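Topology and contacts: notes
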Amino acid sequence: MSRNTLYHRVLMVVLISSASSVIVSSSKDQLSPKQCEDLGFTGLALCSDCNTFADYVKDIELVSDCKKCCTEDSDDSTSKITYSGAILEVCMRKLVFYPEIVGFIEEEKDKFPTIKIQYLFNSPPKLIMLDDEGQHKETIRIDNWKREHILQFLQKKVQPNSASS
């Protein structure tokens, strides 16, 4: 993605988040998953992600919108959520820019029989988490993840293959 395109996307998110802050009265209010996705916060599921985001983006309203879309980090909430499988979606042509993703696909993917690889033109690397019926539950961008982070996440969040038991 060119720097100019990234700038325009961030600018759009800032403009959208400014407009949404008029609609939402308090920073404690939660936005719907659709509103969050429209704002570009699909992959920021935990509030600690918003805190990290705030270290890099100094726009108070944008960080506030992030916090309206997050879930508090705790043992009682997201750490116990598991998925029955996932789809690792990525553009085959862009794989050259993601050596950590390539390493995972080539050397680690076989450890996870419920993870499928899907090549989709122009798609950034992301994990599409699936429920027991194979329905899409959450999308997580993994552009900058190291291979070991992908492994740790999948070991913690994806249930062992129950079909073979």
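As the structure is a prediction and not an experimental result, all values here were calculated from the model.

All right, on to the environment of aspartate 29 then. Looking at the element boundaries, aspartate 29 is found in the loop between helix 1 (3-23) and helix 2 (33-39). It is 9.5 Å that separates the C-alpha atoms of aspartate 29 and aspartate 65, two residues lying 36 residues apart in sequence.

Ranked by size, the top nonpolar core spans 20 residues in total, and within it Leu88, Ile101, Phe104, Leu127, Met129, Ile142 and Leu154 carry the most contacts. Where this core is concerned, the elements lending two or more residues are strand 1 (85-90), helix 5 (99-107), strand 3 (126-130) and helix 6 (147-157). With four residues, helix 6 is the single largest residue contributor to this core. Leu31, Phe41, Cys66 and Cys69 belong to the second-largest nonpolar core, a separate cluster that totals 10 residues.

Here we take up the packing of aromatic side chains. By the definition in use, this model includes two aromatic pairs. On the basis of an interplanar angle of 35 degrees and a centroid distance of 6.0 Å, the ring pair of phenylalanine 104 and phenylalanine 112 is categorised as tilted. When its relative accessible area of 0% is taken as the criterion, phenylalanine 104 is described as buried. Considering the side-chain rings of tryptophan 145 and phenylalanine 153, the 5.4 Å spacing of their centres and the 70 degrees angle between planes classify their relative orientation as edge-to-face. On the basis of relative accessible area, phenylalanine 153 is assigned to the buried category, the value being 18%.

Conventions adopted
All residue numbers refer to position in the chain's written sequence, counted from 1. Predicted model: local features are reported for residues with pLDDT of at least 70 only, side-chain atom pairs are reported and counted for 80 or more only, and whole-chain, interface and lining totals are derived from all residues. Water and hydrogen atoms play no part in the side-chain values, which are based on all heavy atoms of the structure. Runs of E in the DSSP output that reach at least two residues are strands. Runs of H or I that reach at least four are helices, and both are numbered from the N terminus. What we call a nonpolar core is a set of buried Ala, Val, Leu, Ile, Met, Phe, Trp, Tyr and Cys residues that are connected through their side-chain atoms within 4.5 Å. For the exposure calls, accessible area comes from a 1.4 Å probe over protein chains only, and a residue counts as buried if that area is under 20% of its type's maximum, exposed if over 50%, partly exposed in between. Note on aromatic contacts: the rings of Phe and Tyr and the six-membered ring of Trp form a pair at centre separations within 6.5 Å, being stacked when their planes are under 30 degrees apart, edge-to-face when over 60 apart, and tilted otherwise.

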